[in-house]
Amino acid sequence: MDATAYEEASKQALEGLESMLFGVENPMVQFKRASYPELFQSYYQKHEPVIAAMENVYQSGEDQQGWCQQLAVRLADLAEGPLKAIEKKSKREDQQLNFNMVLATYLFPAILEYRGRCSGPVTDAMVEVWNKRYKVNVGKATYEKIEEGFHRKFCYITTAVCESLGKEDDCYELELLRHYRDTYLMGTREGRALVEEYYDIAPTIVTRINRQENRAQVYQQIWNEYLKPCIRYIEGQNLQECESCYTDMVLELKGRYIA
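Residues numbered from 1 in each chain as written. Predicted model: local features only at pLDDT ≥ 70, side-chain atom pairs only at ≥ 80, totals over all residues. Heavy atoms only, no water.

Side note on the overall build of the protein
Definition in use: Here a helix means four or more residues in a row that DSSP labels H or I, a strand means two or more in a row labelled E, and each is numbered from the N terminus. Here's how the labels work: a residue is buried when its accessible area is under 20% of the maximum for its type, exposed when over 50%, partly exposed in between, all with a 1.4 Å probe on protein chains only.
Broken down by element type, the protein carries 11 helices and zero strands. Helices and strands in the protein line up, N terminus first, as α-α-α-α-α-α-α-α-α-α-α. Each of the three principal axes of the protein carries a C-alpha extent, and together these read 75 × 35 × 25 Å. Per-residue burial for the protein yields a buried fraction of 46% across its 259 residues.

Here you go:
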């Protein structure tokens, strides 16, 4: 690659990151098993030329590590202005979560999907710079790995409740709650601890509820008092309020069926 082509590819890659970061609307709301595959493929096809430019510069340049770092810093810089412009802390945190979601479910998987020599090093650099800059814990995964996650059935209590109400395993409510668990809760130390505790006790709780004659009423109560409000909080992007409600559910059910 001659100097002119190298400069053009560098410019295309660096400028293209803006579209890759800002080009997904409502990433948390749209992350559903029925819609995600098509949305991801559309995203990938749109931004494949940008990723190809990243790869061309990586293979042609002498400082490959420096190029990865340059892309990573550029990505982090793009988010800084919009985040600083949001005065209210809770709104700023919600926007941070949206950015994290775009990275975890679109941008990183798209670069990895390209399967270039730069795919691993570039995403590694981006993860390191992003997490250090914004003090978060965003990870990377391939599209295939994310798609596999849609077919796991891990939400013991919420699944039991939804089944009792005649809802399917891939219903809107379950997918929304699973997504909240995998993105918001698993993104913090406290959230991960809560999820781990939940999965330690949830199978026992469900077993004990199912032994009761009034189990339908119990599940209806859990739905009314905890899960339905959680869903409304997520839809309104009130994610911290949802965590509080989720915590109250875990503690109340633990005290009722485990203690």
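Some points on the packing of aromatic side chains
Which entries qualify depends on this criterion: Stacked, tilted and edge-to-face are the three classes applied to pairs of Phe, Tyr and Trp rings, where Trp contributes its six-membered ring and a pair requires centres within 6.5 Å; stacked means planes under 30 degrees apart, edge-to-face means over 60, and tilted covers the rest.
Per the counting criterion, the structure on display carries 11 aromatic pairs. Aromatic side chains Y198 and Y246 sit 5.7 Å apart centroid to centroid with 40° between the ring planes, which places their arrangement in the tilted category. Of this pair, Y198 sits in helix α9 (residues 189–210) while Y246 sits in helix α11 (residues 239–257); the two residues are 48 residues apart in sequence, bridging distant segments of the chain. Y246 matches Y198 in its accessibility class, with the two residues each being buried.

With respect to the packing of helix α3 (residues 64–84) against helix α5 (residues 119–134)
Two numbers describe a pair of packed helices, the interaxial angle and the distance between the axes. Heads up, the condition is: To get an axis, fit a line to the C-alpha atoms, keeping to the stretch in contact for a helix; angles then go from 0 to 180 degrees between the N-to-C directions. What makes a crossing left-handed is the near helix being turned counterclockwise from the far one by less than a right angle; a clockwise turn instead makes it right-handed. Residue contacts are defined here by distance: any two heavy atoms, one from each residue, within 4.5 Å place the two residues in contact. Side-chain classes are defined by residue name, with Ala, Val, Leu, Ile, Met, Phe, Trp, Tyr, Cys and Pro counting as nonpolar, Asp, Glu, Lys and Arg as charged, and the others, Gly among them, as polar.
For the pair α3 and α5, interaxial distance at closest approach is 8 Å and the crossing angle is 35°. The handedness of the crossing between α3 and α5 is right-handed. Here C68, Q69, L71, A72, V73, L75, A76, D77, A79, E80 and L83 of α3 lie close against α5, whose contacting residues are P121, V122, A125, M126, V129, W130, R133 and Y134. Partitioned by chemical class, the residues of the contact of α3 with α5 number 15 nonpolar, one polar and three charged.

A short note on the environment of Q95
Along the chain, Q95 turns up in helix α4 (residues 89–114). Residue Q95 is classed as partly exposed on the basis of its relative accessible area of 24%. Between the C-alpha atom of Q95 and that of P82, which follows or precedes it by 13 residues, the distance is 8.6 Å. Discounting residues that sit within four places of it in the chain, Q95 has contacts with L83 and I86.

Some remarks on the side chain of E243
The following threshold applies: Counted charges follow a simple rule, with Lys and Arg positive, Asp and Glu negative, and His plus the chain ends left uncounted. A pair is scored as a salt bridge if a Lys or Arg side-chain nitrogen falls within 4 Å of a carboxyl oxygen belonging to Asp or Glu.
Looking at the element boundaries, E243 is found in helix α11. Of the side chains with opposite charge, R192 comes closest to the buried, unpaired E243, at an N-O distance of 11 Å. Residues contacting E243, with those up to four places away along its chain left out, are Y180, Y184, L185 and G191.

Considerations on the nonpolar core
Formally: Throughout, nonpolar core names a set of buried Ala, Val, Leu, Ile, Met, Phe, Trp, Tyr and Cys residues whose side chains join them through atoms within 4.5 Å.
Among the nonpolar cores identified, the biggest contains 45 residues, and M20, M54, L71, L75, L107, M126 and W130 are the most heavily contacted of them. Breaking this core down by element, the ones donating at least two residues are α1 (3–22), α2 (36–60), α3, α4, α5 and α6 (143–149). Among the elements that make up this core, the one with the highest residue count is α2 (10 residues). In contact with M20, other than residues within four places in its own chain, are Y43, H47, V50, I51, M54, V102, L107 and I111. L194, I201, V250 and L253 belong to the second-largest nonpolar core, a separate cluster that totals 37 residues.

Here we look at unusual backbone geometry
Positive phi, close to 45°, is recorded for N26, a residue that is not glycine. As for its placement among the helices and strands, N26 is situated in the loop between α1 and α2. In this structure, R115 is a non-glycine residue whose phi angle is positive, near 55°.

Examining the environment of V57
Within the element layout of this structure, V57 appears in helix α2. For the pair formed by V57 and P203, sequence separation is 146 residues and the distance between their alpha carbons is 51 Å. Leaving out residues up to four positions away in the same chain, V57 has contacts with Y6, A9, S10 and W67.

Side note on the pattern of salt bridges
Taken as a whole and assessed by the stated rule, the structure comprises 11 salt bridges. K140 is the salt-bridge partner of D124, the closest N and O atoms lying 2.7 Å from each other. Of the two residues, D124 sits in helix α5 while K140 sits in the loop between α5 and α6, which places them 16 residues apart along the sequence. Salt-bridge contacts for K167 lead to E173; the nearest nitrogen and oxygen are separated by 3.2 Å. Bridged by salt links that share partners, the residues D77, E80, K84 and R133 form one connected network.

Considering α4
Worth spelling out the cut-off: Given the number of residues in a helix, its expected span is that number minus one, multiplied by 1.5 Å. Consider a residue and the seven residues that end there alongside the seven that start there; fitting an axis to each set, the bend is the angle between those axes.
Along its 26 residues, α4 runs 36 Å from first to last C-alpha, staying within 8% of the 38 Å computed at 1.5 Å per residue. The largest bend in α4 is about 45°, located at L103. In the stretch just after α4, R115 is the one whose phi turns positive, near 55°.

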